[in-house]
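# Structure assessment
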Amino acid sequence: MYCKNANCSKQDCSIRYYRRRHQCIDKGDGLIMAVLKLIRNTYRNQTAPENVINYCLNPQKMPNNCYGGSGISLSDPCGSMQKIKDIFCHNYGKQLEHFVLSFDKDEIPNLSIPKILHLSYAICEFFEGNQLLFALHETNIDEYYDSGEFHPHIHFVLNTTNVNIQNKTRIDFCNEYTLKRYVGALLLEFGITEKLIMGFY
């Protein structure tokens with residue numbers, strides 16, 4: 001993604017500049033896209049899964065109570081993830097991966113709760129053998145949006161333990177762009193957007 005402002009010295013305007021209304025982005029140029037944000041955190045603390053899951057399932061952020069998952073008990077997602085870690089003795093290193101799929105304001109008319117559920121479960125299929133929790137947040141947490149404005153974004157929490165290979169799954173440079181292409185194809189298939197870019201936080 002290259003800067004559209006000829007006066008800007010930056011060759012590459014990353015998503016973090018776009019989301020913070022970086023001066024290089026002209027919002028009138030029709031730039032509409034979803035953002036797949038990978039949360040760059042070590043998550044090595046033993047309490048990390050519980051903390052992140054509790055944040056994602058905060059009812060104040062989920063007015064429609066829209067959440068789900070793959071391979072986990074939704075009544076006790078943290079406990080079911082911990083059982084898998086205990087079975088394979090994976091209570092060390094990175095405990096989880098966390099990423100967020102955020103939508104542009106102009107994409108909101110293309111969204112619905114059933115469509116978001118279908119999309120989220122389809123994303124779960126990318127991580128075969130891993131437990132995955134997702135939750136739709138609808139509150140304003142991004143300064144790109146005006147205060148109080150509806151802001152839908154889906155949090156995904158991935159248990160790094162893969163039961164098929166009995167090893168850990170990492171979203172790293174080897175597979176993050178494969179994930180981007182997969183999610184981008186789904187967004188196009190579901191008629192949500194034609195563009196998806198990566199963000200790192």
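A few points on the structure. (Residues numbered from 1 in each chain as written. Predicted model: local features only at pLDDT ≥ 70, side-chain atom pairs only at ≥ 80, totals over all residues. Heavy atoms only, no water.)

### Quick word on helix H4 (residues 113-124)
For an α-helix, the turn length of 3.6 residues means that residues three or four places apart are oriented alike. In plain terms, the rule: Under the scheme used here, helices are H or I runs from DSSP no shorter than 4 residues and strands are E runs no shorter than 2 residues, and both carry numbers assigned from the N terminus. For a helix, the expected span equals 1.5 Å multiplied by the residue count minus one. Throughout, exposure labels follow a simple rule: accessible area from a 1.4 Å probe, protein chains only, divided by the maximum for the residue type, with under 20% read as buried, over 50% as exposed, and the rest as partly exposed. Working rule for contacts: check all heavy atoms of both residues, and any pair within 4.5 Å makes them a contact.
A rise of 1.5 Å per residue sets the reference length of H4, with its 12 residues, at 16 Å; its end C-alpha atoms lie 17 Å apart and thus fit the reference within 8%. Residues of H4 that are buried: Ile116, Leu119, Ser120, Ala122, Ile123 and Cys124. Buried residues along H4 sit in contact with strand S2 (67-70), strand S3 (96-102), strand S4 (130-137), strand S5 (153-162) and helix H5 (176-189).

### Here's the deal with the pattern of salt bridges
Definition in use: Salt bridges are defined as contacts in which a side-chain nitrogen from Lys or Arg sits within 4 Å of a carboxyl oxygen from Asp or Glu.
Applying the stated rule across the entire model yields 2 salt bridges. A salt bridge links glutamate 176 to arginine 40; its shortest N-O distance comes to 2.9 Å. With glutamate 176 in helix H5 and arginine 40 in the loop between strand S1 (34-38) and helix H2 (48-56), the pair connects residues that are 136 residues apart, well separated along the chain. Take arginine 40: its relative accessible area is 41%, and that puts it in the partly exposed class. The closest approach of N and O atoms between lysine 94 and glutamate 97, which form a salt bridge, is 3.1 Å. Accessibility assignment for this pair places lysine 94 and glutamate 97 in one class, buried.

### A word on the environment of glycine 191
Position of glycine 191 relative to the elements: it lies in the loop between H5 and strand S7 (196-200). Taking C-alpha positions, glycine 191 is 9.6 Å from lysine 115, a pair spaced 76 residues apart along the chain.

### Focus on the packing of aromatic side chains
Applicable threshold: Aromatic rings from Phe, Tyr and Trp, taking only the six-membered ring of Trp, are treated as a pair when their centres fall within 6.5 Å; an angle between ring planes under 30 degrees marks them as stacked, one over 60 as edge-to-face, and anything in between as tilted. Two limits define a charge over a ring: the Lys NZ or Arg CZ must be within 6 Å of the ring centre, and within 35 degrees of the ring normal.
Tallied over the full model, the rule gives 6 aromatic pairs. Consider the rings of phenylalanine 126 and phenylalanine 127, whose centres lie 4.9 Å apart with planes at 80 degrees: the pair is edge-to-face. A relative accessible area of 6% means that phenylalanine 127 is categorised as buried. With centroids separated by 5.1 Å and ring planes inclined at 45 degrees, the aromatic side chains of phenylalanine 126 and tyrosine 182 adopt a geometry described as tilted. Taken together, the positions of phenylalanine 126 in the loop between H4 and S4 and tyrosine 182 in helix H5 put the pair 56 residues apart, joining distant regions of the chain. Under the relative-accessibility criterion, tyrosine 182 is labelled partly exposed at 26%. Ring pairing ties together the aromatic residues Phe99, Tyr121, Phe126, Phe127, Phe134, Phe156 and Tyr182, which thus form one cluster. Of note, lysine 168 hangs over the ring of tyrosine 92, and the distance from its end group to the ring centre comes to 4.4 Å.

### Describing the side chain of glutamate 97
Rules: By the criterion applied in these results, polar contacts are pairs of N or O atoms within 3.5 Å in which, for protein atoms, one can donate a hydrogen and the other can accept it, and in which residues neighboring in sequence qualify only through two side-chain atoms.
Positionally, glutamate 97 belongs in strand S3. We classify glutamate 97 as buried; its relative accessible area is 4%. Within the structure, glutamate 97 has its side chain in polar contact with the side chain of lysine 94 (distance 3.1 Å). A distance of 3.0 Å separates a polar side-chain atom of glutamate 97 from the backbone nitrogen of isoleucine 171. When neighbours within four sequence positions are excluded, glutamate 97 is seen to be in contact with Phe156, Val157, Leu158, Thr160, Thr169, Arg170 and Ile171.

### A short note on the packing of H2 against helix H3 (residues 77-87)
For clarity, the threshold we go by: The axes used here are C-alpha line fits, helices contributing only the stretch in contact, and every angle between their N-to-C directions lies in the interval 0 to 180 degrees. For classification purposes, angles smaller than 35 degrees are called roughly parallel, those larger than 145 roughly antiparallel, those between 65 and 115 roughly perpendicular, and all remaining angles oblique. Crossing handedness is defined as follows: a turn of the near helix away from the far one that is anticlockwise and smaller than a right angle gives a left-handed crossing, while the clockwise case is right-handed.
Between H2 and H3, the least distance of the axes is 9 Å, while the angle of their chain directions is 150 degrees. One element, H2, and the other, H3, form an angle in the roughly antiparallel class. Considering only the axes of H2 and H3, their crossing is right-handed. Facing H2, whose interface residues are Pro49, Glu50 and Ile53, H3 presents Pro77, Cys78, Met81 and Lys85.

### Comments concerning the packing of H4 against H5
Helix packing for two helices is described by the angle between their axes and how far apart those axes are. It is at 10 Å that the axes of H4 and H5 come closest, and there the two elements cross at 155 degrees. Comparing the axis directions of H4 and H5 gives the class roughly antiparallel. Handedness of the crossing formed by H4 with H5: right-handed. Residue-level contacts link Leu119, Ala122 and Ile123 of H4 to Tyr182, Val183, Leu186 and Leu187 of H5.

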